[in-house]
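Chain by chain, the residues run as shown.
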Amino acid sequence: MTHTARRIGRSLAMVLPVVLVLSGTLAVTMVPWADTSSSQILTASAEEVSVPAKPRAAQELLRDKLVDELRAGQEPGDVLTHLQQEVNKRPSLAEHCIGIARALGRAAVEVYGPTKAQSVARPVCDTSYASGVASMG
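Residues numbered from 1 in each chain as written. Predicted model: local features only at pLDDT ≥ 70, side-chain atom pairs only at ≥ 80, totals over all residues. Heavy atoms only, no water.

A. Representation of helix H3 (residues 58-71) in the model. Taking 1.5 Å per residue as the helical rise, H3 with its 14 residues ought to reach 20 Å, and the 20 Å between its terminal C-alpha atoms agrees with that figure. Next to the buried residues of H3 lie helix H4 (76-89) and helix H5 (97-112). Downstream of H3 by a residue or two, Gly 73 has a phi angle that is positive, lying close to 105°. (Helix = DSSP H or I, 4+ residues; strand = E, 2+ residues; numbered from the N terminus. Expected span 1.5 Å × (residues − 1). Contact = heavy atoms within 4.5 Å.)

Take a look at the structure:
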């Protein structure tokens, strides 16, 4: 009988941990707080985590600043002068001047209409401002 008891004990020693782990896993998945909506709660909270913003390029900051000036009511000629001054101060912005001037032309049409926007066209960054006006008008 001792031999049989040992054999049963060894079998239980091998099987019992597996049974306990499986039954514990099943028990946890059966409780009310472990339903599928809990994953949605985690997803919602993960969306609220703030992600550090990428630093914006100087030309993007300048473009947004100048477009905001136009939308705030500043004259398009003054804004174009500011663009030229910034490009003179920081020559690295010269390669982006065309895109900025086009954006200013579009914004000027939105704010002042095509006639007034075209009347202040200047040779800032070639004719990019006028090209922006023409694309909107």
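B. Layout of the nonpolar core. Counting residues in hydrophobic clusters, the biggest one holds 19 residues, and the most contacted among them are Leu 62, Leu 66, Leu 70, Leu 83, Ile 100 and Leu 104. Of all the elements in the fold, those that place two or more residues in this core are H3, H4 and H5. Per-element accounting of this core gives the leading share, eight residues, to H5. (Core = buried A, V, L, I, M, F, W, Y, C linked by side-chain atoms within 4.5 Å. Buried < 20%, exposed > 50% of the residue type's maximum accessible area, 1.4 Å probe, protein only.)

C. Looking closely at the packing of H3 against H4. Interaxial distance between H3 and H4 falls to 9 Å at its minimum, and their mutual angle equals 160°. The pairing of H3 with H4 is recorded here as roughly antiparallel in orientation. The hand of the H3/H4 crossing is right-handed. Every residue of H4 that contacts H3 at Leu 62, Lys 65, Leu 66, Glu 69 and Leu 70 is listed here: Pro 76, Val 79, His 82, Leu 83 and Glu 86. For the contact of H3 with H4, the per-class residue count stands at six nonpolar, one polar and three charged. (Axes fitted to C-alpha atoms, helices over the stretch in contact; angles between N-to-C directions. Parallel < 35°, antiparallel > 145°, perpendicular 65-115°, else oblique. Left-handed = near helix turned anticlockwise from the far one by under 90°. Nonpolar A, V, L, I, M, F, W, Y, C, P; charged D, E, K, R; others polar.)

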